[in-house]
Amino acid sequence: MENGESELVPRVAVVVYLLKGRSVLLGRRRSSMGDSTFALPGGHLEFGESFEECAVREVKEETGLDIEKLELLTVTNNVHLEQPKPCHYVTIFMRAALADAEAKPQNLEPNKCDGWDWYEWENLPKPLFGPLEKMVKSGFEPF
Ligand code: 8DG
Ligand code: MG
Ligand code: MG
């Protein structure tokens, strides 16, 4: 059994608001959780990693982009017992900037995402991934 996949334990995720001016990088998910909704890049914290290391690794794995100026923004505790696969995520939200402002995102995990693009904060696409929509609706701003 992969660690945490089907065991009922809280899992730690690190998710990145990659900012370019007033825009953020979003991709449409291909996943049993939040399929076809727009979400930030990110994934599971691996054993021994810092939040910064995890953010850098996940963004690189998913988009090919190198990031810098990492800062911790906030943490959420999301419990979803109602789902077919119940889950509990402690999610660490970071913000970051592109190391090279001209770099273009690549879709390096096409089985998990339809592709990445920049979206203006004032004009976010729909539907957003549930946890992200909740954050935005609460008035949260990553800038
Ligand atoms: P990995 O195998 O690469 O480690 O994991 P992943 O496949 O990239 O995981 P993920 O689902 O992209 O992210 C892990 C969890 O983070 C996700 O299931 C729930 C939580 N999460 C939020 N908000 C967001 C978000 O906007 N984007 C992403 N990717 N995950 C988010 O709470
Ligand atoms: Mg991911
Ligand atoms: Mg990932």
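Because the structure is predicted, anything quoted here is derived from the model rather than measured.

The next thing to look at is the coordination of the magnesium ion (ligand 3). Those protein atoms acting as donors to the magnesium ion (ligand 3) are E58 (OE) and E62 (OE), and they sit at 2.1 to 2.3 Å. Taken as a pair, the magnesium ion (ligand 3) and the magnesium ion (ligand 2) lie 3.4 Å from each other and share E62 as a ligand. Placement of both E58 and E62 in helix α1 (residues 51-63) is noted, with a separation of four residues, approximately one turn of the helix. Taken as a pair, E58 and E62 share a single burial class, namely buried.

The nonpolar side chains of a soluble globular protein tend to be buried, and buried together. With 20 residues, the main nonpolar core has Y17, V24, L26, L40 and L132 as its most contacted residues. Only β1 (11-20), β2 (23-29), β3 (38-39), β6 (87-98) and α2 (130-137) provide two or more residues apiece to this core. In terms of residue count, the dominant contributor to this core is β1 (four residues). Membership of the second largest hydrophobic core comes to 16 residues, among which are L25, L65, C113 and W118.

Before going further, it helps to spend a moment on the pairing of β6. Within β6, ten of the twelve residues are buried, leaving the element largely enclosed by the surrounding structure. As paired elements, strand β5 (residues 67-80) and β6 share eleven bridges and run antiparallel to each other. Within β6, the residue paired with T76 across the bridge is T91. Counted along the chain from β5 to the antiparallel partner β6, the turn is six residues long.

Quick look at α1 now. Because each turn of an α-helix spans 3.6 residues, side chains separated by three or four positions in sequence point in the same direction. Look at α1: 18 Å from first C-alpha to last across 13 residues, which is about the 18 Å you get at 1.5 Å a residue. Along α1, the residues that are buried comprise C54, A55, R57, E58, V59, E62 and T63. Packing partners of the buried residues in α1 comprise β1, β2, β4 (42-44), β5, β6 and β7 (113-120). In the segment just after α1, G64 is the residue with positive phi, at about 75°.

What follows is about the side chain of E109. In this fold, E109 is placed in the loop between β6 and β7. Although E109 is buried, it forms no salt bridge, and the closest oppositely charged side chain is K112 at an N-O distance of 4.2 Å. Excluding anything up to four places from it in sequence, E109 contacts E61 and E62.

Turning next to the confidence of the model for the protein chain. Here the protein chain shows a mean pLDDT of 95. Residues at 70 or above account for 96%. Taken over the whole predicted complex, pTM reads 0.94, whereas the ipTM for its chain interfaces reads 0.96.

Conventions adopted
Each chain has its residues counted from 1, running along the sequence as written. Whichever chain is written first is A, and whichever ligand is written first is 1; the rest continue in order. For a predicted model such as this one, the threshold for reporting local features is a pLDDT of at least 70, and the threshold for listing and counting side-chain atom pairs is 80 or more; totals across whole chains, interfaces and linings nevertheless cover every residue. With hydrogens and water set aside, each side-chain value is computed from the structure's full complement of heavy atoms. Water is absent from the atoms considered, so a metal site may look incomplete; donors are defined as N, O and S atoms within 2.8 Å of the metal, or 3.2 Å for Na, K and Ca. The numbering of helices and of strands both runs from the N terminus, where a helix is a DSSP run of H or I of at least 4 residues and a strand a run of E of at least 2. Under the scheme applied here, a residue whose accessible area is under 20% of the maximum for its type counts as buried, over 50% as exposed, and between as partly exposed, the area being computed with a 1.4 Å probe on protein chains only. Side-chain atoms within 4.5 Å are what join buried Ala, Val, Leu, Ile, Met, Phe, Trp, Tyr and Cys residues into a set we call a nonpolar core. Between any two strands, pairing holds if DSSP finds at least two bridges. Expected helix span is taken as 1.5 Å per residue step, with the number of steps being one fewer than the number of residues. Contacts are residue-level and defined by heavy atoms, with any inter-residue pair within 4.5 Å sufficient. Charge counting treats Lys and Arg as positive and Asp and Glu as negative, with His and both chain ends excluded. For this document, the term salt bridge refers to a Lys or Arg side-chain nitrogen within 4 Å of an Asp or Glu carboxyl oxygen. Scored between 0 and 100, pLDDT is the confidence that the predictor attaches to each residue.

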